[in-house]
Amino acid sequence: MIVGTAVCECIIYDAHSLKEKRAVLQRILTRLKQKFNVSVAEVDYQDVWQRTKIAIAVVTSSRVSTEQELQSALKLIDSFPEIERTITEIDWL
């Protein structure tokens, strides 16, 4: 069993309130949960309008599968034009 985590800091340029930020985040987090076999949550900057830190966790039977699932999830985040991923750290447990 391999556990992989990706923690990425992101900027949401067009958010002018926490409500706007949460609307964007909710859409992204819901899509990630629906499309991939991942656990995902906002883990930092909850009270900042234009910044967020998202953590994604994946558990599979092999490192290759875990890596593929994490990379697919990160590509989905990148596909949203309203958010920009700036720093991403991947760890293995």
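Higher on the page you've got the structure.
None of the values given here were measured: they were computed from a predicted structure.

Overview of the environment of Glu20
Turning to its location among the elements, Glu20 is positioned in helix H1 (residues 18–35). The exposure class assigned to Glu20 is partly exposed, which follows from its relative accessible area of 37%. In the structure, Glu20 is positioned 10 residues away from Cys10 in sequence and 15 Å away in space, judged by C-alpha atoms. A distance of 2.7 Å separates the side chain of Glu20 from the backbone nitrogen of His16, its partner in a polar contact.

A short note on the pairing of strand E2 (residues 39–44)
As paired strands, E2 and strand E3 (residues 51–60) are joined by 5 bridges and run antiparallel to one another. Its bridge partner lying in E3, Ser39 is registered against Ala57. Hairpin connection between E2 and E3: a loop of 6 residues separates the two successive antiparallel strands, and Tyr45 in this loop has a positive phi of roughly 60 degrees.

A look at the side chain of Thr60
Within the secondary structure layout, Thr60 lies in strand E3. For Thr60, the side chain forms a polar contact with the side chain of Thr66, separated by 2.4 Å. The residues touching Thr60, leaving out its near neighbours within four places in the chain, are Met1, Ile2, Ser65 and Thr66.

A few points about the nonpolar core
One finds Ile28, Leu32, Ile54, Ile56, Ile77 and Ile83 to be the most contacted residues of the largest nonpolar core, which totals 23 residues. For this core, the elements supplying multiple residues, two or more each, are strand E1 (2–11), H1, E3 and helix H2 (63–78). Once you skip the residues sitting within four places of it in the chain, Leu32 turns out to touch Val38, Val40, Ala73, Leu76 and Ile77.

Observations concerning the packing of H1 against H2
It is at 10 Å that the axes of H1 and H2 come closest, and there the two elements cross at 150 degrees. The angle between the axes of H1 and H2 places the two elements in the roughly antiparallel class. Considering the relative orientation of H1 and H2, their crossing is right-handed. Where H1 abuts H2, its residues Ile28, Arg31 and Leu32 lie against Ala73, Leu76 and Ile77. Residue composition of the contact of H1 with H2, by class: 5 nonpolar, no polar and 1 charged.

Reading the values: the criteria
Residues numbered from 1 in each chain as written. Predicted model: local features only at pLDDT ≥ 70, side-chain atom pairs only at ≥ 80, totals over all residues. Heavy atoms only, no water. Helix = DSSP H or I, 4+ residues; strand = E, 2+ residues; numbered from the N terminus. Buried < 20%, exposed > 50% of the residue type's maximum accessible area, 1.4 Å probe, protein only. Polar contact = N/O pair within 3.5 Å; in protein donor to acceptor, adjacent residues only side chain to side chain. Pairing = 2+ DSSP bridges. Contact = heavy atoms within 4.5 Å. Core = buried A, V, L, I, M, F, W, Y, C linked by side-chain atoms within 4.5 Å. Axes fitted to C-alpha atoms, helices over the stretch in contact; angles between N-to-C directions. Parallel < 35°, antiparallel > 145°, perpendicular 65-115°, else oblique. Left-handed = near helix turned anticlockwise from the far one by under 90°. Nonpolar A, V, L, I, M, F, W, Y, C, P; charged D, E, K, R; others polar.

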